[in-house]
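# Close look at the chain arrangement
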Amino acid sequence: MDKKTTLEMIAAISNANGVSGFEDDVVAAIRPYAEGLGETHMDRMRNFYIRRQGNTGSRPVVQLDAHSDEVGFMVQAICPNGTLRIIPLGGWVTHNIPAHKVWVRNRWGKYIPGLTASKPPHFMSEAERKAPLDMSHITVDVGATSREEAMEVYGIRIGEPVAPDVTFTYDENTDLMVGKSFDCRLGCAAILKTLHTLQGKDLNVDVVGACAAQEEVGVRGATVTSQVIKPDLAIVFEGCPADDTCVEPYMVQTAIKRGPMLRHVDARMITNPRYQRYALDLAEQLKIPVQEAVRAAGSTNGAAIHLTEKAVPVIVIGVPVRYAHTHYGMSAYADFDNAVKLACEILTRLDADTIASF
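Residues numbered from 1 in each chain as written. Predicted model: local features only at pLDDT ≥ 70, side-chain atom pairs only at ≥ 80, totals over all residues. Heavy atoms only, no water.

## A word on the sheet that holds strand 11 (residues 176–179)
Overall, antiparallel pairing links the three strands, which are arranged 10-11-17 in an open sheet. Two strands close off the open sheet at either side, each with one partner strand: strand 10 (169–171) and strand 17 (329–332). Ignoring which end each strand starts from, the neighbouring axes of this sheet average 20 degrees apart. Pairing geometry for strand 10 and strand 11, over three bridges, is antiparallel. Across the sheet, the residue bridging to Tyr170 is Met177, located in strand 11. (Pairing = 2+ DSSP bridges. Helix = DSSP H or I, 4+ residues; strand = E, 2+ residues; numbered from the N terminus. Axes fitted to C-alpha atoms, helices over the stretch in contact; angles between N-to-C directions.)

Quick look at the structure:
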């Protein structure tokens, strides 16, 4: 898969609407790029599996993980004036939500445009201006002028998903990608790119890719995929929050254009230190740029996978994303590419004895 095709794949997967619990369109965007890679299937949670062609069933199993959902919203109620009350799906900072374009799915399955809105400053009291913005004060406006119009003309109903309206772009001169849902559609693309790169190569392990649903609401999809796959080892691809614009220089551990980030710890997993060191040493040996991070907060699907059955060694290979969990993300293609390179190099070297040493 060349760079042009890879970018087309990233764009298609990134642009797909798929907030937690509503990942159908993301799976539809992934499917064409999984053709020829092996056996595929989707479960009723919308987890999507790719069992690599050439798997024997008698070798250690490595799970390649990423999550397909994005942070977004759900329609909670329809106001008398036709605007929509919403609740967040996944972690948002409230003041980042208003004044953005969104897509709202209606009863006919069509995504229609809307705007996130809050009370205009012209009509705020001094106390309201100074008060922190509350989620209950944010609405989505699709243009309806009454509750009846919102329901009957626009087809709005409660329980429907609301996703950011952002279109992927890439600048060849700066090597920067800008788009939505890089956390973790870049990971889904990394699974596909890894499997394409290794297509036809002899490995000493079986490989199963899984694009998991509902990570943003408690790593729920990976809790299922890890039970289905029963891996001996796992690589979690993640779109990890970049810190290079918001912390002291000496604390920067997840900068864009410095390679993927491998985290030693987060709020829900202490990374297997032997496996982590193996990956870091291999990257150094092969001159693949990587970064190391120690995170006191946050988590990944590794939280569920590493606690599966017999205990599973897991590493997280994260592509730095500036402004994750907002409408827009910014990432460097080179970081994505190096994440895939490292995963491929690990997979080509793994065998039962190496895995047992972790």
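## Overview of the nonpolar core
Ranked by internal contacts, the top residues of the largest apolar core, which has 60 residues, are Ile13, Met177, Ile235, Phe237, Phe336, Ile346 and Leu350. Here Phe237 is in contact with Asp65, Ala66, Cys184, Gly187, Ala190, Ile191, Thr194, Ile317, Ala339 and Ala343, once residues within four sequence places are set aside. Among the nonpolar cores identified, the runner-up in size contains 19 residues, and Val71, Phe73, Leu84 and Ile86 belong to it. (Core = buried A, V, L, I, M, F, W, Y, C linked by side-chain atoms within 4.5 Å. Buried < 20%, exposed > 50% of the residue type's maximum accessible area, 1.4 Å probe, protein only. Contact = heavy atoms within 4.5 Å.)

## Structural notes on helix 6 (residues 220–229)
Because each turn of an α-helix spans 3.6 residues, side chains separated by three or four positions in sequence point in the same direction. Taken residue by residue, helix 6 has Gly221, Ala222, Thr225, Ser226 and Ile229 as its buried positions. One face of helix 6 carries all of its buried residues, which in axial projection span an arc of 125 degrees. Summarising the contacts, the buried residues of helix 6 are in contact with strand 2 (48–52), strand 3 (61–67), strand 12 (206–212) and helix 8 (302–305). Just downstream of helix 6, Lys230 is the residue with a positive phi angle, here 55 degrees. (Arc of directions from axis to C-beta.)

## Let's talk about the pairing of strand 7 (residues 111–117)
As judged from the five bridges shared by strand 6 (residues 101–105) and strand 7, these two strands associate in the antiparallel manner. Residue pairing in the sheet places Val104 in a bridge with Ile112 of strand 7. Two elements, strand 7 and strand 8 (residues 139–141), share three bridges in a ladder whose sense is antiparallel. Among the inter-strand pairings, Leu115 is bridged to a residue of strand 8, identified as Asp141.

## A short note on the environment of Gly209
Mapping Gly209 onto the fold places it in strand 12. With 35 residues separating them along the chain, Gly209 and Thr174 place their C-alpha atoms 31 Å apart. Aside from chain neighbours lying at most four places away, what touches Gly209 is Phe48, Tyr49, Ile50, Leu64 and Ile191.

## Examining unusual backbone geometry
It is generally the case that most residues other than glycine have a negative phi and that most peptide bonds are trans. Here the residue pair Asp183 and Cys184 is connected by a cis peptide bond, since its omega of 10 degrees sits within 30 degrees of zero. In this structure, Cys184 sits in helix 5 (residues 182–197). Here the phi dihedral of Lys257 falls at roughly 70 degrees; this positive angle occurs in a residue that is not glycine. Among the structural elements, Lys257 can be located in the loop between strand 13 (233–241) and strand 14 (261–265). What makes Lys257 partly exposed here is its relative accessible area of 49%. The backbone phi angle of Lys287 is positive, close to 60 degrees, even though this residue is not glycine. Along the chain, Lys287 falls in the loop between helix 7 (273–286) and strand 15 (291–294). Since its relative accessible area comes to 73%, Lys287 is described here as exposed.

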